[in-house]
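What the coordinates show
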Amino acid sequence: DGPCTLATTQVAIRRGGADLNDIEFSARPGRHLWIESHAGAGKSLLLDVLCRRLDPDAGQVLLGGLDLRLIDPDRLSSCMVLVRAPRILGSDLLD
């Protein structure tokens, strides 16, 4: 069990009013991944899929080439850390 690359292949997620389509990226072991966008864009939804709180409607999330749906959720959660940054600036400051 060593560090593995986290990658997505054409992930699509549809929940409520949020639709995310054709998301692809790769995060190498020991690196940080920063996800930034406007409010309501689906960042939390994407993170829920990456941490397997939700499964994607299409595509795959791969850890070391293995589909996350094949990994025991308890084992996966024991080796992942998710840090949500507090909102620093209000949207009214950016207008």
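Only a predicted model underlies this, so the values are computations on that prediction, with no experimental measurement involved. (Residues numbered from 1 in each chain as written. Predicted model: local features only at pLDDT ≥ 70, side-chain atom pairs only at ≥ 80, totals over all residues. Heavy atoms only, no water.)

The helix and strand tally for the chain stands at three helices and five strands. Each helix and strand of the chain, ordered N terminal to C terminal, gives the series β-β-β-α-β-β-α-α. Within the span of the chain, comprising 95 residues, buried residues form 26% of the whole. Across the chain, every contact between residues at least 6 apart in sequence was considered, and the portion connecting residues at least 24 apart equals 49%. (Helix = DSSP H or I, 4+ residues; strand = E, 2+ residues; numbered from the N terminus. Buried < 20%, exposed > 50% of the residue type's maximum accessible area, 1.4 Å probe, protein only. Contact = heavy atoms within 4.5 Å.)

Turning our eyes to something else, we now look at unusual backbone geometry. Here the phi dihedral of Arg52 falls at roughly 65 degrees; this positive angle occurs in a residue that is not glycine. In this fold, Arg52 is placed in the loop between helix H1 (43-50) and strand E4 (58-63).

Two strands pair when backbone bridges link them, and strand E1 (residues 6-15) and strand E3 (residues 26-27) are joined in this way by two bridges, in the antiparallel orientation. Looking at E3, one finds that Leu6 is bridged to Ala27. Judged from the five bridges that link them, E1 and E4 form a sheet pairing that is antiparallel. Among the inter-strand pairings, Thr9 is bridged to a residue of E4, identified as Gln60. (Pairing = 2+ DSSP bridges.)

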